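# Reading the structure
Listed below, chain by chain, are the residues.
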Amino acid sequence: MNIYSKTDRGSVRRDNQDYCLSGKTPEGSIWAVVCDGMGGANGGHTASTTASEYIAREIKNLYTGDFTEEELIALLTNVVVGANLEVYNIARKNIELTGMGTTCELVFIRDNIVHIVHVGDSRTYIIRDNKAIQLTEDHSLVQEMVNRGEITKEEAMVHPNKNFITRAIGIRCVVNVDYVECEYKRGDAILICTDGLTNCVSEEEIVNIINNNRDSKVVNKLVDAANSGGGTDNITVITIF
């Protein structure tokens, strides 16, 4: 399996508050983390960088190939909870960083099982049978409205409050995380991204780009499409296939 990643400022924002890291464990498992920071240029960048680097460091230091499934799931959830406390404590010590936070997508693939720990409105998709299947559910006000039947998914995409998220890393001393898993099948592709991609590129176009670019060019194509669609936010993408 190959990992390709790219982060871009976009066409409108002055700073890039997204951050991502990825790697492989010694026995061949794959991990990736994507964070979309908030709280001003300094705060957003600090939050996303701190969370990503904390998660990467803890996985490298603590994970071993003989982990059971239960031990692996516990590790993944605990490192995201730990990243939350790390960001929160930094903000408490620096008044200029008060209120900073970040979304978080942590993906770990082992033995054809995709493990996901999710906070916020960044997303993880699996591309299968010419469809983009969203594996995570946005922690946002508009998603709650969709769930209640008040607006449609299409209306949510253009709603004025679409960027209001209900969960984030670093805002409070504790955080609730979602854990999701699915089977990885031959021919699948995993996409991890911030909303800078999904706000500007349709799922149909995303599928077309990934299916026609199963190489290192895929992340450039996705970022270019987001910028062509307005580039209204920072754009970060990681593909695994």
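Above this text sits the structure in question.
Model, not experiment: these values are computed from the prediction. (Residues numbered from 1 in each chain as written. Predicted model: local features only at pLDDT ≥ 70, side-chain atom pairs only at ≥ 80, totals over all residues. Heavy atoms only, no water.)

With that settled, consider the overall build of the chain. A tally of regular secondary structure across the chain gives 7 helices and 11 strands. The globule rule puts the C-alpha radius of gyration for 241 residues at 18 Å, and the 17 Å found for the chain is close to it. Dimensions of the chain, computed from the C-alpha atoms along their principal axes, are close to 45 × 45 × 35 Å. In the chain, which comprises 241 residues, the proportion classed as buried is 50%. Long-range contacts, defined here as pairs at least 24 residues apart, represent 70% of the contacts in the chain between residues at least 6 apart. Summing over all exposed atoms, the chain offers an accessible surface of approximately 11300 Å²; the carbon and sulfur share of this is 46%. (Helix = DSSP H or I, 4+ residues; strand = E, 2+ residues; numbered from the N terminus. Rg over C-alpha atoms; globule rule 2.2 N^0.38 Å. Buried < 20%, exposed > 50% of the residue type's maximum accessible area, 1.4 Å probe, protein only. Contact = heavy atoms within 4.5 Å. Areas by Shrake-Rupley, 256 points an atom, 1.4 Å probe, with all protein chains shown as cover.)

What follows concerns the environment of Ala189. Structurally, the position occupied by Ala189 is in strand E10 (residues 189–193). Relative accessible area serves as the criterion here: at 0%, Ala189 is assigned to the buried category. With 64 residues separating them in the primary sequence, Ala189 and Tyr125 have C-alpha atoms 8.2 Å apart. Setting aside chain neighbours within four positions, we find Ala189 in contact with Tyr125, Ile126, Ile127, Tyr184, Ile210, Arg214, Ile240 and Phe241.

The geometry of a pair of packed helices is captured by two quantities: the angle between their axes and the separation between those axes. Contact pair helix H6 (residues 203–211) / helix H7 (residues 217–228): the axes reach a minimum separation of 9 Å and the direction vectors enclose 155 degrees. If you check the angle between H6 and H7, you find them roughly antiparallel. The crossing of H6 and H7 is right-handed. Along the contact surface, H6 presents Glu205, Ile206, Ile209 and Ile210, while H7 presents Val218, Lys221, Leu222 and Ala225. Of the residues contributing to the contact of H6 with H7, the split by class is 6 nonpolar, no polar and 2 charged. (Axes fitted to C-alpha atoms, helices over the stretch in contact; angles between N-to-C directions. Parallel < 35°, antiparallel > 145°, perpendicular 65-115°, else oblique. Left-handed = near helix turned anticlockwise from the far one by under 90°. Nonpolar A, V, L, I, M, F, W, Y, C, P; charged D, E, K, R; others polar.)

Further remarks concern the packing of helix H1 (residues 40–62) against helix H2 (residues 69–93). Where H1 contacts H2, the two axes come as close as 9 Å, and the packing angle between them is 140 degrees. Taken together, H1 and H2 sit at an angle that is classed as oblique. Viewed along their axes, H1 and H2 form a crossing whose handedness is right-handed. Residues Thr46, Ala47, Thr50, Ala51, Tyr54, Ile55, Arg57, Glu58, Ile59 and Leu62 of H1 pack against Leu75, Leu76, Val79, Val80, Gly82, Ala83, Glu86, Val87 and Ile90 of H2. For the contact of H1 with H2, the residue count by class is 13 nonpolar, 3 polar and 3 charged.

Here the structure, examined in full by the defined rule, presents 6 salt bridges. One salt bridge connects Arg110 with Glu69, and the closest N-O pair in it is separated by 2.8 Å. Of this pair, Arg110 sits in strand E5 (residues 104–110) while Glu69 sits in helix H2, and the two are 41 residues apart along the sequence. A residue is classified by how much of its surface remains accessible, and Glu69, at 29% relative accessible area, is partly exposed. In this structure, Arg123 engages Asp138 in a salt bridge whose closest nitrogen and oxygen atoms are separated by 2.8 Å. Of this pair, Arg123 sits in strand E7 (residues 123–128) while Asp138 sits in the loop between strand E8 (131–134) and helix H3 (141–147), and the two are 15 residues apart along the sequence. Of the two residues, Arg123 and Asp138, neither departs from the other in class, the shared state being buried. (Salt bridge = Lys/Arg side-chain N within 4 Å of Asp/Glu carboxyl O.)

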